[in-house]
Amino acid sequence: NELVMGGGAPASRVTPQLVGDVTGLPLRCFTGTDASLLGAAMLASGLLEPHKNLDQVATAMMPPFMRVEPGPNAPYYQEQYRRYLASLPVADANQL
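The structure displayed is predicted, hence computed values, not measured ones.

Cut-offs applied
- Residues numbered from 1 in each chain as written.
- Predicted model: local features only at pLDDT ≥ 70, side-chain atom pairs only at ≥ 80, totals over all residues.
- Heavy atoms only, no water.
- Helix = DSSP H or I, 4+ residues; strand = E, 2+ residues; numbered from the N terminus.
- Buried < 20%, exposed > 50% of the residue type's maximum accessible area, 1.4 Å probe, protein only.
- Lys, Arg positive; Asp, Glu negative; His and termini not counted.
- Salt bridge = Lys/Arg side-chain N within 4 Å of Asp/Glu carboxyl O.
- Polar contact = N/O pair within 3.5 Å; in protein donor to acceptor, adjacent residues only side chain to side chain.
- Contact = heavy atoms within 4.5 Å.
- Pairing = 2+ DSSP bridges.
- Axes fitted to C-alpha atoms, helices over the stretch in contact; angles between N-to-C directions.
- Parallel < 35°, antiparallel > 145°, perpendicular 65-115°, else oblique.
- Left-handed = near helix turned anticlockwise from the far one by under 90°.
- Nonpolar A, V, L, I, M, F, W, Y, C, P; charged D, E, K, R; others polar.

Student: Please provide a residue-by-residue account of the side chain of D21, values included.
Tutor: Mapped onto the elements, D21 comes out in helix α1 (residues 14–23). Salt bridges are absent for the buried D21, whose nearest opposite-charge side chain, R82, sits at 13 Å. Within the local environment of D21, its side chain forms a polar contact with the backbone nitrogen of G71, the two atoms lying 2.6 Å apart. Discounting chain neighbours no more than four positions away, the residues touching D21 are P70, G71, N73, A74, Y77 and Q78.

Right, here's the structure in full:
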């Protein structure tokens, strides 16, 4: 499992590392700002080439990326995130 991050966020050195540390998952970061356009082009290509599955199309069109692995501080950030979640009020389904 891995996360994919696109748009402006991967341009930061801090954001991808923090997301990787909190989730415990590696990230594949695309630094281009046209991630939505690329996704639309992948879908269009998939429709034009029905003999290929979407995974094949996406792999063939994948731009260069930077990989970010969870760092040595990951356990600390995961614990802080667990504490944050535990501090949130639990919604009562009857009140929704």
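Student: Describe the sheet that holds strand β1 (residues 3–5), with residues and values.
Tutor: Ordered in space as β1-β2-β3, the three strands form an open sheet in which the pairing is mixed. In the strand order of this sheet, the two ends are held by β1 and β3 (66–68), each with one partner. In this sheet, adjacent strand axes meet at a mean angle of 25° when their direction is disregarded. Bridge count for strand β2 (residues 27–29) against β3 is three bridges, and the pairing is antiparallel. Among the inter-strand pairings, C29 is bridged to a residue of β3, identified as M66.

Student: Please give an account of the packing of helix α2 (residues 35–48) against helix α3 (residues 54–61) that cites residues and values.
Tutor: Contact geometry of α2 with α3 gives a least axis separation of 9 Å together with a crossing angle of 130°. Classified by the angle their axes make, α2 and α3 are oblique. Crossing hand, α2 versus α3: right-handed. Between α2 and α3, the contacting residues are L38, A41, M42, L43, S45 and G46 on the first element and L54, V57, A58 and M61 on the second. Considering only residue class, the contact of α2 with α3 consists of eight nonpolar, two polar and no charged.

Student: Requested: an account of the pattern of salt bridges, with residues and values cited.
Tutor: The full count for this structure, using the stated rule, is five salt bridges. For R28, the salt bridge identified is with E2, shortest N-O distance 2.6 Å. Here the residue R28 occupies a position in strand β2, and E2 occupies one in the segment before β1, the gap between them amounting to 26 residues. Residues E79 and R82 are paired through a salt bridge, measuring 3.5 Å at the closest nitrogen-oxygen approach. Here E79 and its partner R82 are both found in helix α4 (residues 74–87), three residues apart, which amounts to about one turn of the helix. Overlapping salt bridges, with partners in common, bring together E2, R28, R67 and E69 in one network.

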